[in-house]
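Report on the structure
For reference, the chains in residue letters:
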Amino acid sequence: MARYTLSDDISNLISDEKWLIFQDKYDNYLNQKYETIFTLTNGYMGVRGTLEEGSNDERPGIFIAGIFDKSEAQVREIVNVQNWLGIKIYAEGNYLDLDKCHILDFKRILDMKRGILFKSILLKDGVGRVTSVEGYRFLSRCNVHRAGIKLYITPVNYSGVLSVENIIDGTVVNSKENPKERTKHLRLIENAKLDEGGCYLETATRDDDTRIGVGSIVRIYDYANKDNVVRFRRFSYLGEKSVEYLEFEASENNPVEVDKFVITYTSRDVSKDKLKEVVTRELYDFASEGMDKELLRHTAVYERLWDVADINIEGDEDADKALRFNIFHLMSSVNANDPMVSIAAKALHGEGYKGHVFWDTEIFMLPFFIYTYPQAARTLLMYRYNMLDAARENALLNGFKGAQYPWESADTGKEETPKWGVDYLGNQVRIWTGDIEHHITADIAFAVYEYYRVTDDIDFMLNYGAEIIFETARFWTSRCEYNEQFDRYEINNVIGPDEFHEHVDNNFYTNYLARWNINKGLELIDFLKEKYPSNYKTISSKICLTDKEIENWKEVMSKIYIPFDRERKLIEQFEGYFEKKDYVIDKFDENNMPIWPEGVDLARLGDTQLVKQADVVMLMVLLGEEFDEEIKRINYEYYKKRTMHKSSLGPSMYAIMGLKVGDYKDAYGSFMRSANVDLEDNQGNTKEGLHAASAGGTWQVAVYGFAGMYIDKDGLLSFTPWLPEKWKKLSYKIYWKGNLLQIIITKDNVTVKMLEGKDEELKVKINGELISIK
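Residues numbered from 1 in each chain as written. Predicted model: local features only at pLDDT ≥ 70, side-chain atom pairs only at ≥ 80, totals over all residues. Heavy atoms only, no water.

A short note on the side chain of Q32
Tracing the backbone through its elements, the reader meets Q32 in helix α1 (residues 31–37). Take Q32: its relative accessible area is 8%, and that puts it in the buried class. Looking at Q32, its side chain comes within polar contact range of the side chain of E177, at 2.4 Å. Ignoring sequence-local partners within four residues, the contact set of Q32 consists of R48, D57, E58, R59, E177 and K687. (Helix = DSSP H or I, 4+ residues; strand = E, 2+ residues; numbered from the N terminus. Buried < 20%, exposed > 50% of the residue type's maximum accessible area, 1.4 Å probe, protein only. Polar contact = N/O pair within 3.5 Å; in protein donor to acceptor, adjacent residues only side chain to side chain. Contact = heavy atoms within 4.5 Å.)

Brief notes about empty space enclosed by the protein
Tallied over the entire structure, the rule returns three cavities of 30 Å³ or more. Around the largest cavity, the lining comprises 21 residues; the ones closest to its centre are A65, G66, V341, S342 and I343. Its residues assigned to classes, the lining of the largest cavity comprises 14 nonpolar, six polar and one charged. By volume, the second largest cavity is sized at about 50 Å³. Residue assignment for the lining of the second largest cavity shows that the elements contributing at least two residues are β10 (116–124) and β11 (130–139). Considering every element that reaches the lining of the second largest cavity, the biggest residue donor is β11, with three residues. Among the residues making up the lining of the second largest cavity, the classes are represented as four nonpolar, one polar and four charged. (1 Å grid on protein atoms, 1.4 Å probe; cavity = no way out; pocket = protein on both sides within 12 Å on 5 of 7 lines; lining within 4 Å. Points joined across faces, edges and corners; volume = space filled by probe spheres on them. Nonpolar A, V, L, I, M, F, W, Y, C, P; charged D, E, K, R; others polar.)

Things to note about helix α10 (residues 458–479)
With 22 residues, α10 should cover 32 Å at 1.5 Å per step; its first-to-last C-alpha distance of 29 Å lies within 8% of that length. At G465, α10 shows its maximal kink, close to 50°. Of all 22 residues in α10, 17 are buried, a share of seventy percent or more. (Expected span 1.5 Å × (residues − 1). Bend = angle between axes of the 7 residues up to and from the residue.)

Re the packing of helix α16 (residues 650–661) against helix α17 (residues 664–675)
Close contact between α16 and α17 brings their axes to 8 Å; oriented N to C, the two are set at 155°. Classified by the interaxial angle, the pair formed by α16 and α17 is roughly antiparallel. At the point where α16 passes α17, the crossing takes the left-handed sense. The segment α16 lies against α17, with P651, S652, A655, G658 and L659 engaging Y664, A667, S670, F671, R673 and S674. (Axes fitted to C-alpha atoms, helices over the stretch in contact; angles between N-to-C directions. Parallel < 35°, antiparallel > 145°, perpendicular 65-115°, else oblique. Left-handed = near helix turned anticlockwise from the far one by under 90°.)

In short, geometric facts, not functional conclusions.
Structure (structure tokens):
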């Protein structure tokens, strides 16, 4: 930190450098990128890394999981709720504006080990006064309703009156920078001064009257003796802003300590009539107790989480830190205690994709939680179970049976995909994903089974998971169309993972995973009938599943068409794909991202074989045991040359498959591209929020790719690792069947240790050899 940092109070809190992400220069052009990178979230709430003082080109955002509203927007979107970050500082009545003062020193540090955002700023105003502002903020992982900001303000070369404004700003809007989409989702309910000091601002969503109550209070002390220094306090009702002004005398080079305590509750947490009472009581309890105790409880939670989730890469500091960054944001974004919310594609880090939940959660993020935080994984799947009735309704509205999950989901489980968007040229185009990108239904079934086979959580499967798998299998059976000419079942008019191609027939990924879904439903029926007959009777009775219908499942499943060129051993991404105009990618930009081949018409990408992201390759990663090595290699090499990676979801899947087929050089490059997608902003849209799927994919590359971990056909945990040249050692922990294992991989050896276990002995495979661990 800067030379005015109070070492005892701040520096000693900061972790070792491997845990730290730095910003060493203030540049308002980069404000929004760093707001995403420095977002703090505790699963309940996310707060973008906006500076408390405010700055130009900022995009502040505070988001609460489960708080959605439509109003004039196209669809329901996550609400940017009242902003409580504001602490404006005045020296002798002059606002210390970052964009007008001369910044002598600037540093911000995200401490990923402890979930704390530090800052140190040295400002020189227009008349030569130099002021040091340093401190930190956190969102408690222990009590998710609490947040704290601690600042030390030091007049370096002057004495005089300093003052601060404590602000809760209810004027916030969504799509602040886009007048075409800008929406005000909140109406003011109450702006109040609290009896014992502090501000209270209560708002309500316009459609559903969901209440959000925020209270804050500021305490200011002399640093040396901790006595109150405030000599004047004034509350102001400024429309939708609740503002408390505090003034005090300060002497040269003597710091004052400014503590801001914040409490947030919504009517999802407590009844509307109790909201203000609960916020006020909790606020004064927090302020009375002080910030330090809550900070200790908060960091203790992170310590427990990191004890399992951390991955260490020895010999490659850049990869080690980048991977840790992705793990930190994934781990921070889940609320294991709320089964009515999930993790959005942009997590709680921004308004991108309107805060909606996609397949990103189940296919890209969930594996991390399954192996490191099973309780959270179960909660994320419970969100899908709790939205099962909405999925059934969605299927019915579209003329199908069973459960059809929406492409984009919010708080109701209904389809929330916008109907209109813009293409790469800025033209308004119809968005068809919500209508025909149906593979998400099989993705969710896949995730349910993946959770079960890793955890053996039979309670979940019997009470929730089986019902999801049966109802999704039922959907696919009704979605398939019989082609009498070829005696086969087809799934026509869809979009696969590659969204360059719309309205295609028999997309390989969709058809193959639909067949898997139906087959898994049939296997599960046999399993339940044999092992848990009473549970099967309950489920089949509840969803009206008959033997006649099950026979129909078998018929459809056995005849689903899978497009495949047997002669070339090439999987056809969809029927007719090989007839499209062929372009091969051979040029890359400074970020190693593909450059559009010469002559491509960006308005007609569907007429080409160019691919947006992993599609065929994605399926071969998910169901790797079903494809031989030659097919994997041939298809990887073919589609790699045609994939534009216009989604952050692609590089991780290509890295994993590259390692399976021996493309080690490009696998490492893809891993680093995925790991740095936000740190380096290599997609150019980090300001919109975290690339949460890429974060999950990065973890998968480390564990499924370099560690070579997979579950073989016999259900055994297996390892066939390959480490990049610089990597001396890769070590991590996972939960497997209720046992906590540590895996240590070097160039020459793989060690699997049981740290905690319910089993006396486990069998695993290392490079094909069966071994026992105790």
